[in-house]
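Results of the structural survey
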Amino acid sequence: MLRRKADDMLLEWKNREGHQCLLVKGQRQVGKTFTICNFG
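Residues numbered from 1 in each chain as written. Predicted model: local features only at pLDDT ≥ 70, side-chain atom pairs only at ≥ 80, totals over all residues. Heavy atoms only, no water.

**A closer look at the overall build of the chain**
The number of helices and strands found in the chain is two helices and zero strands. Its C-alpha atoms put the chain at 30 × 20 × 15 Å along the principal axes. The burial tally for the chain puts 10% of its 40 residues in the buried class. Element-wise, carbon and sulfur atoms account for 54% of the exposed surface of the chain, whose accessible area totals about 4,000 Å². Taken as two groups, the 8 positive and 4 negative side-chain charges of the chain have centres that lie 11 Å from each other. (Helix = DSSP H or I, 4+ residues; strand = E, 2+ residues; numbered from the N terminus. Buried < 20%, exposed > 50% of the residue type's maximum accessible area, 1.4 Å probe, protein only. Areas by Shrake-Rupley, 256 points an atom, 1.4 Å probe, with all protein chains shown as cover. Lys, Arg positive; Asp, Glu negative; His and termini not counted. Charge placed at Lys NZ, Arg CZ, Asp CG, Glu CD.)

**Topic: helix α1 (residues 5-15)**
Buried within α1 are the following residues: Asp-7, Leu-10 and Trp-13. Relative to the axis of α1, the buried residues are bounded by an arc of 120° and lie together on one face. Residues of α1 that are exposed and point more than 90 degrees away from the buried face comprise Lys-5, Met-9, Glu-12 and Asn-15. The elements touched by buried residues of α1 are α2 (32-39). (Arc of directions from axis to C-beta. Contact = heavy atoms within 4.5 Å.)

**Structural notes on the environment of Asp-8**
Looking at the secondary structure, you find Asp-8 in helix α1. In this structure the C-alpha to C-alpha distance between Asp-8 and Phe-34, which are 26 residues apart in sequence, comes to 14 Å.

**Focus: a nonpolar patch on the surface**
There is a patch of nonpolar side chains on the surface, built from Leu-22, Val-24 and Ile-36 and spanning about 210 Å² of accessible area. Following the sequence through the fold, Leu-22 ends up in the loop between α1 and α2. (Patch = residues over 30% accessible without salt bridge, like charges linked within 9 Å, V, L, I, M, F, W, Y side chains within 5 Å. Salt bridge = Lys/Arg side-chain N within 4 Å of Asp/Glu carboxyl O.)

Structural data, given as structure tokens:
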């Protein structure tokens, strides 16, 4: 599996205390859904 910067950003968000809801924004067809599915 390709390692992306977004994976690291999601882990940082998860480990941060008091994290709020997550909103993933970006261009079309860059792997947002794929990244979120693997993260979950």
